[in-house]
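Okay, here's what each chain looks like letter by letter:
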Amino acid sequence: MLPSVRFCVPRLGLTLRSVNTTSLQQSKLAPAVPGATAPLIIEREFERPRNVTQPREAWIETLDRDASPSQVGLMNLHPDVFSAFPRLDIIHENVLWQHKYRTVNYAQAKVLHEVRGGGKKPWPQKGTGRARHGSIRSPIWKGGCKSHGPRAYTTHFYMLPFNVRLKGLISTLSAKFAQDDIKIIEDLEMPSDEAPYIEGLCEERCWGPSVLFVDDTDIMPRNITLATDPIWHYNLMPIYGLNVISMLKHDTLVLTVAAVKRLEERLLYHLNRPDLHLIDNKKFRMN
């Protein structure tokens, strides 16, 4: 049995009363989808967590605006994924890496053989009293070439160490959850495919101006795909594409229950894998 939990929402200035899971199970809550059993209490036991804190708990909501209340259950979240100490330096390294690894420099300065003219020696080597020159297009001449200038198609790609990428995802998830910017929903099924419906839903739930919906598959339901298509700041993403920049640039991260389980499974596997020390954790660049 889960203990009584007290939820505080500092952003809205609200404090939800203490909830006992026994009374929650006996309450009459509307199911999220037809045929579903509500309330949905997902109580999980975590083996040997690294973090000594208690498992975090989050409400499971639904995308149905007519559901009253909107919460259809409660779910435990692993403390090693959603309650880790947020390392801002690691988050910053991940942001810089994502900005640079796809950057290509197209600037190009001309070398000696690319500058027009300058093929003839300007004056004889000896006898004139002037300094020795072989071309008027050398780097020391005005209008000459550029010495050691930039060359086109120079990539800034490099690979960040595996541990830094792993801890960057965990730190970002923990920071978003601490700021109450992570919401858990049962699935992405919604009764309408109109854009005003999803806009009104996000406004009623106080989800930020930009929302990222994440599911465990890349085949999204029809209604939410059509509803979010004309809205540039509402985006859909499969779990395998989740990254630090996408989580930071969206105010609210909405995860399905399946996405949370899959995310915890993959992150915990790599966090506790026995060959983690054998993985090359050095940065490398492309020539």
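Residues numbered from 1 in each chain as written. Predicted model: local features only at pLDDT ≥ 70, side-chain atom pairs only at ≥ 80, totals over all residues. Heavy atoms only, no water.

Another point: the environment of Lys100. Note that Lys100 resides in helix H3 (residues 88–100). On the basis of relative accessible area, Lys100 is assigned to the partly exposed category, the value being 40%. Expressed as a C-alpha distance, the spacing of Lys100 and Phe157, which sit 57 residues apart in the sequence, is 6.2 Å. If we skip the residues at most four places from it in the chain, Lys100 touches His156, Phe157 and Tyr158. (Helix = DSSP H or I, 4+ residues; strand = E, 2+ residues; numbered from the N terminus. Buried < 20%, exposed > 50% of the residue type's maximum accessible area, 1.4 Å probe, protein only. Contact = heavy atoms within 4.5 Å.)

It is worth spelling out the side chain of Thr172 at this point. Its location among the elements puts Thr172 in helix H4 (residues 162–178). Residue classification places Thr172 among the buried residues on the basis of a relative accessible area of 1%. Among the polar contacts made by the side chain of Thr172, one reaches the main-chain carbonyl oxygen of Gly168 at a distance of 2.7 Å. With near-sequence residues (within four places) excluded, Thr172 lies in contact with Ile91, Val244, Met247 and Leu248. (Polar contact = N/O pair within 3.5 Å; in protein donor to acceptor, adjacent residues only side chain to side chain.)

When a protein is soluble and globular, its nonpolar side chains tend to lie buried together. Membership of the largest hydrophobic core comes to 31 residues, with the highest contact counts inside it found for Phe82, Leu173, Ile184, Leu242 and Leu253. Of all the secondary structure elements, the ones that give two or more residues to this core are strand S4 (56–61), strand S5 (71–77), helix H2 (79–82), H4, strand S9 (182–185), strand S10 (211–215), strand S12 (252–256) and helix H8 (257–271). The element that contributes the greatest number of residues to this core is H8, accounting for 7 residues. With residues near it in sequence (within four places) discarded, Leu173 still touches Val81, Phe82, Ile182, Met247, Leu253, Leu263 and Leu267. (Core = buried A, V, L, I, M, F, W, Y, C linked by side-chain atoms within 4.5 Å.)

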